[in-house]
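Chain by chain, the residues run as shown.
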Amino acid sequence: MTNKTSNTMWGGRFAAGPDAIMEAINASIGFDQRMAAQDIAGSRAHAAMLAATGILTDTDAEAIREGLLTVLSEIEGGSFQFSTALEDIHMNVESRLKEIIGEPAGRLHTGRSRNDQVATDFKLWVRDQFDAAEAGLLALIQALLGQAEAGADWVMPGFTHLQVAQPVTWGHHMMAYVEMFGRDLSRVRDARVRMNESPLGAAALAGTSFPIDRHMTAEALGFDRPSANSLDAVSDRDFALDFLGVASISAMHLSRFAEELVIWSSAQFRFVALSDRFSTGSSIMPQKKNPDAAELIRAKIGRIYGANTGLMMVMKGLPLTYSKDMQEDKEQVFDAADSWMLAMAAMEGMVKDMTANRESLAVSAASGFSTATDLADWLVRVLGMPFRDAHHVTGTLVGMAETKGCDLPDLTLEDMKSVHKHITSEVFDVLGVQNSVNSRMSYGGTAPAQVRIQVQRWKDILK
């Protein structure tokens, strides 16, 4: 492919090529070449439609379609030479097509514009990313289900304010993230359905006078239907904002879990051991095993949030229809997609490889008066006390245990009777952490039996 020093596609209106600064600010080929496969797919569908409607001859359309496959093979093989003088992926492909097949290449652009072409390419690319995100979320959910099933009855502390609150199970904690990523999965699927309308054929902004068949190209490209308004079709980037919005929420979930893994893998907690594949050592401290993958997930989330805000700022002041500002939509989405896919894959790997320290979890679950609520519930259930009174009695017993330097199960029956004379030895049955979690049988509760019900529910959903 020969380099062009001026953009002949502009025609005679621009007899001289843009200077270096204008070329640099105007060109997008440095990043939109990532849409080469989508651009060629759209052009092949467009050429087939032009032939079917009699706008192109079958001979010209076939030459175009075969020539585009040659261009695609060159791009995929690494031999294609991209030119900034040709601005974007569309012009680079069309210029090379003309070198390969000659004059018929000039007929390809009949009935369309770069405005609807880029909208179509970008939609196809984002749709592919939604599909990749769905696969990534499904894999992560499966990894979490494996952890939940294995540790359905392993006790661990549940936290509020990062303070020990009540005992829960490891499986229950894993299933909380299954629910989060499950909502992400539903958002991905919902957004994909909403975006699946084809802009192709909207042309520059008003449609075209050629007798094109937009339903044909929409079907060929896997869209549900053509977009219903040509002005909206070329100026819409809601699909990209939907993608960034879904990615931002999912990234937040990834970051929350990453933060927990950083805390849990510390020497102070020792809740989990992360595999060597997702950890690094220190250059000077030989004892260190750093949770770098989790920390990088936590950091990469900022790039996704930044992209979301950035594209909102690009779009917020644009009148209909297309403005060159919209060229700034892609780099941010490309970077956010890369960050999200990498973060999901890294999290899946960590979850699959990590080992829970069951002993440390159990010890921590029994600390911090974690069964105080069970004691209060027992006072209500067995002695018929109003909950507020039971709360007060329990708080007094917690204070006594703190003074004695022990936990609630270590108080004697006499200690407890000194606070409330009707307490019996049966109270000790609810003060063990395993008894505590076993009793939480309400739907969605932490009892191992409930955890296993939820694991099976999700397995059925994923079928």
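Residues numbered from 1 in each chain as written. Predicted model: local features only at pLDDT ≥ 70, side-chain atom pairs only at ≥ 80, totals over all residues. Heavy atoms only, no water.

Side note on the overall build of the protein
Going by this rule: Here a strand is any run of E in DSSP of at least two residues, a helix any run of H or I of at least four, and the numbering for each starts at the N terminus. C-alpha atoms define the radius of gyration in this analysis, and the globule rule sets the expected value at 2.2 Å times the number of residues to the power 0.38. Remark: exposure states derive from per-residue accessible area (1.4 Å probe, protein chains only) relative to the maximum for the residue type, with buried under 20%, exposed over 50%, and partly exposed in between. Contacts were defined at the residue level, with two residues in contact if any of their heavy atoms lie within 4.5 Å. Per-residue accessibility takes into account occlusion by the displayed protein chains alone, with areas from the Shrake-Rupley method and a 1.4 Å probe. A positive count includes Lys and Arg, and a negative count includes Asp and Glu. His and the chain ends are not counted in either. The location of each charge is read from NZ of Lys, CZ of Arg, CG of Asp or CD of Glu.
Along its length, the protein carries 18 helices and six strands. Taking 2.2 N^0.38 as the reference for a compact globule, 463 residues should give roughly 23 Å; the C-alpha atoms of the protein span a radius of gyration of 31 Å, well beyond that estimate. The C-alpha extent of the protein, read off along each of the three principal axes, is 100 × 50 × 40 Å. Taking all 463 residues of the protein together, the buried fraction comes to 49%. Within the protein, counting contacts between residues at least 6 apart in sequence, those at least 24 apart form 74% of the total. For the protein, the exposed surface amounts to about 21,100 Å²; the carbon and sulfur share of it is 54%. Charge-centre separation for the protein: the mean point of 43 positive side chains lies 2 Å from the mean point of 58 negative side chains.

Remarks on unusual backbone geometry
Most peptide bonds are trans, and most residues other than glycine sit at a negative phi. In this structure, the amide linkage connecting Leu320 to the following residue, Thr321, adopts the cis form with an omega of 5 degrees. Among the secondary structure elements, Thr321 is positioned in the loop between helix H11 (292-315) and helix H12 (330-353). Positive phi, normally seen in glycine, also occurs at His161, with a value near 60 degrees. With respect to the helices and strands, the residue His161 is situated in the loop between strand S1 (155-160) and strand S2 (163-169). Of note, the phi angle at Leu162 is positive, near 60 degrees, even though the residue is not glycine.

Examining the packing of aromatic side chains
Our working definition: Pairing of aromatic side chains requires ring centres within 6.5 Å, counting the rings of Phe and Tyr and the six-membered ring of Trp. Pairs whose planes differ by under 30 degrees are stacked, by over 60 edge-to-face, and all others tilted. Counted as over-ring charges are cases with an Arg CZ or a Lys NZ within 6 Å of the ring centre that also lie within 35 degrees of the ring normal.
On inspection of all chains with the given rule, the structure shows 13 aromatic pairs. Note on Trp264 and Phe271: the rings are 6.2 Å apart at their centroids and 50 degrees apart in plane angle, and the pair reads as tilted. Three or more aromatic residues joined by ring pairs form one cluster here, namely Phe159, Trp170, Tyr177, Phe181, Phe257, Trp264, Phe269 and Phe271. When the ring centre of Phe334 is taken as origin, the NZ or CZ atom of Arg34, which lies over that ring, is 4.9 Å away. A cation over an aromatic ring shows up here: Lys330 above the ring of Phe122, its NZ or CZ 5.4 Å from the ring centre.

So, a nonpolar patch on the surface
Counted only if it meets this: The patches reported here contain residues having more than 30% relative accessible area and no salt bridge. Joining distances are 9 Å for like charges and 5 Å for nonpolar side chains (Val, Leu, Ile, Met, Phe, Trp, Tyr). Whenever a carboxyl oxygen of Asp or Glu lies within 4 Å of a side-chain nitrogen of Lys or Arg, that contact is scored as a salt bridge.
Residues Leu205, Leu231 and Leu320 make up a contiguous nonpolar surface patch of roughly 270 Å² in combined accessible area. By the secondary structure assignment, Leu231 is in helix H9 (residues 230-235).

So, the environment of Tyr443
Along the polypeptide, Tyr443 turns up in the loop between helix H17 (433-439) and helix H18 (448-462). Of the residues examined, Tyr443 reaches a relative accessible area of 64% and is grouped as exposed. Counting along the chain gives ten residues from Tyr443 to Ile453, while the straight-line C-alpha distance between them is 9.2 Å. Beyond its immediate chain neighbours, meaning those up to four positions away, Tyr443 contacts Gln450, Gln454 and Arg457.

Re the confidence of the model for the protein
For the record, the criterion: The predictor attaches a confidence to each residue, and that confidence, scored 0 to 100, is pLDDT.
Counting all residues, the mean pLDDT for the protein is 92, and 94% of those residues have values of 70 or more. For residues 1-6, every residue scores under 50 in pLDDT, and the model assigns this stretch 17 contacts once sequence neighbours within four places are set aside.

A short note on the side chain of Ser339
Its location among the elements puts Ser339 in helix H12. Take Ser339: its relative accessible area is 4%, and that puts it in the buried class. Leaving out residues up to four positions away in the same chain, Ser339 has contacts with Lys300, Arg303 and Ile304.

Observations regarding the environment of Ala228
By secondary structure assignment, the location of Ala228 is in the loop between strand S4 (225-226) and H9. Residue Ala228 is classed as exposed on the basis of its relative accessible area of 81%. With 215 residues separating them in the primary sequence, Ala228 and Tyr443 have C-alpha atoms 45 Å apart.

Considering the side chain of Arg44
Along the chain, Arg44 turns up in helix H3 (residues 36-52). Of the side chains with opposite charge, Glu66 lies nearest to the buried Arg44, which makes no salt bridge, at 4.9 Å. When residues no more than four places from it in sequence are discounted, the contact partners of Arg44 are Arg65, Glu66, Leu68 and Leu69.

Here's the deal with H3
Operational definition: Each residue after the first adds 1.5 Å to the expected span of a helix.
Across its 17 residues, H3 extends 24 Å between first and last C-alpha, which sits within 8% of the 24 Å expected from 1.5 Å per residue. The element H3 is largely enclosed, with a buried count of 13 among its 17 residues. Directly after H3, the chain includes Gly54, whose backbone phi takes a positive value near 80 degrees.

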